[in-house]
Amino acid sequence: MSNPAVPPRSLAEALRARDDVSLAALLRARPDLITPVPTDLTQLATRAGTRASVVRALERLDLFALRTAEALAVAADPASYGELLALLTGDGGDPVVSAALPRALGTLREQALVWGDDDRLRLVRTARELLAPSPQHPSPTGLGPTVQEATAGMSPGRIQDIVAAAGLGSTHDAVSAVASLTALFTDRERMSALLAGLPEESREVLARLVWGPPYGQVTAEPAAHLRRLLDVGLLVPTAPGTVVLPREVALHLRGGRAHREVEPLPPAVEPAATHRAQVVDATAAGQAYTALATVEELLKDWDEGGPAVLRAGGLSVRDLKRTAVALDVAEPVAAFWVELAYAAGLLASDGEADERYAATPALDEWLEQPPAQRWARLAEAWLTATRVSGLVGGRDAKDRTLSTLGPGLDRSAAPEVRHRVLTLLAGLPEGAAPSRESVLARLRWERPLRGPQREDDLRSRLAEWTLAEAELLGVTGRGALSGHGRALLGAAAPRTPVKAPEGPGDKLPVHHRSPVDPVQQGPAVTEPLSPAEQATASAAAVRLLAPLLPEPLDHVLLQADLTAVAPGPLQRSLAEVLDVLADVESKGGATVYRFTPASVRRALDAGQSASDLHAFLAAHARTPVPQPLTYLIDDVARRHGHLRVGAASAYVRCDDDAVLNEILADKRAAGLRLRRLAPTVLAAQADPAALLEGLRAMGFAPAAESAEGDVLITRAHAHRTPPRTAPEPVPDGPPIPDATLLSAAIRAIRAGDLASTTPRRQTDRSLPTTGELPRTSSAETLATMQAAVLTGEALWIGYVNAEGAASQRVIAPVRVEGGFVTAYDHTADEVRTYPLHRVTGVAELAEE
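Residues numbered from 1 in each chain as written. Predicted model: local features only at pLDDT ≥ 70, side-chain atom pairs only at ≥ 80, totals over all residues. Heavy atoms only, no water.

Caption draft 1: The arrangement of the overall build of the protein in detail. When its secondary structure is counted, the protein shows 33 helices and 25 strands. Counting only residues that meet the buried cut, the protein has 46% of its 848 residues in that class. Relative to all contacts within the protein whose residues are 6 or more apart in sequence, the contacts with residues 24 or more apart total 64%. By element, 54% of the accessible surface of the protein is carried by carbon and sulfur atoms, the whole surface being about 40200 Å². (Helix = DSSP H or I, 4+ residues; strand = E, 2+ residues; numbered from the N terminus. Buried < 20%, exposed > 50% of the residue type's maximum accessible area, 1.4 Å probe, protein only. Contact = heavy atoms within 4.5 Å. Areas by Shrake-Rupley, 256 points an atom, 1.4 Å probe, with all protein chains shown as cover.)

Below is the structure:
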């Protein structure tokens, strides 16, 4: 451990001075640093400075923390806390920024983007390279290069001319001349006097460049007001025809501020409307019931095998349109329901040669669960899914159309955005529906875009889709988070309205730990619930939702116009029979079924008899069975099976030869190519299925029969895929390590750091340089080990394992015998036994 009184000279030394809690916070905030576990703190510091890791860390900063890092990138290296504060507040100061800066700087320090004491703050080199101004990559601050950087390629004579024109004394060299010019531009009084002596046109040019971009174009013979700026160095040529406003000049014109706006506090999420909590819950419960009914209808429609899988994967545009018509929804909404069923593991491809989509075996288990539990499963799948149905119809990087269930729909940020949007809703009072604009503004502050703001950025679109999908699924009602939706997040309703934070001590909502607590510092870090926590939250949501869902009915209302009205959801057994016996005519609060000859024949084909149908209607009708319906069933049943179709190629037999004569005389039977084999038998060259359809189209009601002459009962057979698991979400980088992994990793890093930094005792032999393994003879190794057992001293050894991987370790030998040494390994923090022949050498540690 380094001496805390001595300022750290590097990021590694700064990390070495941290305690375990601080290191754990770093590894939790930047989990990519722990994959794999670094061998020591020097390697951890190196990894924390790599470009990919720094870019990822910068992209996860909130707007004010990013502004702070950008200000440090244009400040001197190192910079003091006062210099940083001046860049953020300007000459006039800003108490809100002053109060918020410690939190932002603490975030940058915690994530190892900034290190050093308050009087020597340093931005890690990679972050400075990414954020500092350059001609190729302009700074978000709009500032240009310093005077020293801008004049780097200028001749010494030209620099002396600028110094003289600015009223400064000549110097002996270009370096002191640039320093003199820099001192002028950073002196407020002298700079104000210099600017006051310029013509108005010159000051207008500076005003146009002051907030960026700092580069401008001039002609070979610039106008007098431009020539004056070039003469005194207020504009510096960087290339033929191009000039730049030096950073020091721009900062003076800005009043010392690095940014036009710093926005130290997040924008508040404003309620757009407020409803009673009971109304919100009831509306959301109605949407939840509709969601269940829609998913069931979708899977029932694909029960015997759904649409074919495209060769490139996914659902065709035509099949999506057909599904949308069947569900009576728009195509984007149909895509959402299809993707949701897929994410929940209820739908998949069957893997056959003629591959089609179909329900999975998990559907049967899902249908047996209570409605509230079925909804919870859909909601959990939606929260964690990385597939985004809103992208359907768009184009991928290769300009290919993105299709439903096809590749290219995964967006790893989707779960985090969904959780964050719902958490923001949970931070509002019960029944409050937020405005779309305030939610998007808050998300942009928490994760600002690099570069110009765009309305079509992915996070904003994900947030808009989340608001719409949460309403469809019944997580929200009338735009406000429902009680069961709040429970699904593991959140409790706020007792008082949540106000926008007013100071750096105010805190923002976080996810399930305290999702509606308005007093958490900084933007919320949305972490997924653990499986145990999610199970508890889902159980609570089920308990709240179950009483709000309508109870299934065991009856219908029969009407004289051959229709039946279901005034609510029906019991599953009743709905299944009624779906076969009648056709759905309309849906809504009440479902209307219509009985037709074709629907009654369908029920008879499924094995029902006329008496079975009469008994079924009598048992489930709250009104008397209308006489027209009784006549319809009896009439269809009387003719059903009168004709028999079997396989010759196909044949028709009937005891009444007059019926066969009528068929032969009908012109519509010409396509069936019938001929009489016997008075009661006709043969056809069409297959049995085509013969059945043809005779039914002619108005007859034939029945199929087996080779033994028995009537075949045609019942739909549910097609199921082989067992399938739900698609795994695509992770957004390495997962956040749990406490056990963090503890083990920190222990290993500390031990490895001890092995690499502990001083070695000097001997007559020269010790290896840093990173090399010690080398000693076998006899010397054995003797040193045996001596260490007696004295209890720790040793530094080199070790090569069975796979040939070399490492250095600090051990305290306990016993040496049989060619093995048993020792306490400080690197692994446990007692281990090592073969002596694998020890490359040994060295004693210095007595410190």
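Caption draft 2: Representation of helix H14 (residues 224-231). Residues of H14 that are buried: Leu 226, Leu 229 and Leu 230. For H14, the arc enclosing every buried residue in end-on projection is 100°, short of the 170-degree limit, so these residues lie on one face. Residue Gly 233 follows H14 closely and has a positive phi angle near 85°. (Arc of directions from axis to C-beta.)

Caption draft 3: Quick look at the sheet that holds strand S15 (residues 591-594). Here we have four strands laid out as an open sheet, ordered S12-S13-S15-S14, and antiparallel in their pairing. Each edge of the open sheet is held by one strand with a lone partner, namely strand S12 (557-559) and strand S14 (583-586). With strand direction ignored, the average angle separating the axes of adjacent strands in the sheet is 30°. Two strands pair when backbone bridges link them, and strand S13 (residues 563-566) and S15 are joined in this way by four bridges, in the antiparallel orientation. Residue pairing in the sheet places Ala 564 in a bridge with Tyr 593 of S15. (Pairing = 2+ DSSP bridges. Axes fitted to C-alpha atoms, helices over the stretch in contact; angles between N-to-C directions.)

Caption draft 4: A look at the packing of aromatic side chains. Evaluation of the coordinates by the stated rule reveals three aromatic pairs. Ring geometry for Phe 336 against Trp 337: centres 5.0 Å apart, planes inclined by 55°, an arrangement best described as tilted. Trp 337 matches Phe 336 in its accessibility class, with the two residues each being buried. Measuring from ring centre to ring centre gives 4.8 Å for Tyr 799 and Tyr 834, while their planes differ by 65°; the resulting arrangement is edge-to-face. Of this pair, Tyr 799 sits in strand S21 (residues 795-800) while Tyr 834 sits in strand S24 (residues 830-835), placing them 35 residues apart in sequence. What makes Tyr 799 buried here is its relative accessible area of 10%. A residue is classified by how much of its surface remains accessible, and Tyr 834, at 4% relative accessible area, is buried. For the cation-ring pair, Arg 374 lies above Trp 366, with the distance from its terminal atom to the ring centre recorded as 5.4 Å. (Phe/Tyr/Trp six-rings, centres within 6.5 Å; stacked < 30°, edge-to-face > 60°. Lys NZ or Arg CZ within 6 Å of the ring centre and 35° of its normal.)

Caption draft 5: Local environment of the sheet that holds strand S4 (residues 236-239). Read across the open sheet, the three strands follow the order S3-S5-S4; overall the sheet is antiparallel. In the strand order of this sheet, the two ends are held by strand S3 (215-217) and S4, each with one partner. Mean inter-strand twist for the sheet, computed between neighbouring axes without regard to direction, equals 40°. As judged from the three bridges shared by S3 and strand S5 (residues 242-244), these two strands associate in the antiparallel manner. By the bridge assignment for S5, Gln 217 is matched with Thr 242.

Caption draft 6: Main features of the pairing of strand S25 (residues 839-844). Of all six residues in S25, five are buried, a share of seventy percent or more. Looking at chain direction, S21 and S25 are connected through five bridges and run antiparallel. The residue of S25 that forms the bridge with Leu 795 is Glu 844.

Caption draft 7: Geometry of the confidence of the model for the protein. Mean pLDDT over the protein stands at 84; residues scoring 70 or higher make up 89%. Low pLDDT (under 50) marks residues 451-455, which in the prediction has five contacts with non-local residues, meaning those over four places away or in another chain. Every residue in residues 493-525 scores below 50 in pLDDT, and together they form 88 contacts with partners more than four places removed in sequence or on other chains. (pLDDT = per-residue confidence, 0-100.)

Caption draft 8: Geometry of helix H20 (residues 371-384). The terminal C-alpha atoms of H20, which comprises 14 residues, lie 20 Å apart, in line with the 20 Å expected from a rise of 1.5 Å per residue. Within the sequence span of H20, burial applies to Ala 372, Arg 374, Trp 375, Ala 376, Leu 378, Ala 379, Ala 381, Trp 382 and Leu 383. (Expected span 1.5 Å × (residues − 1).)

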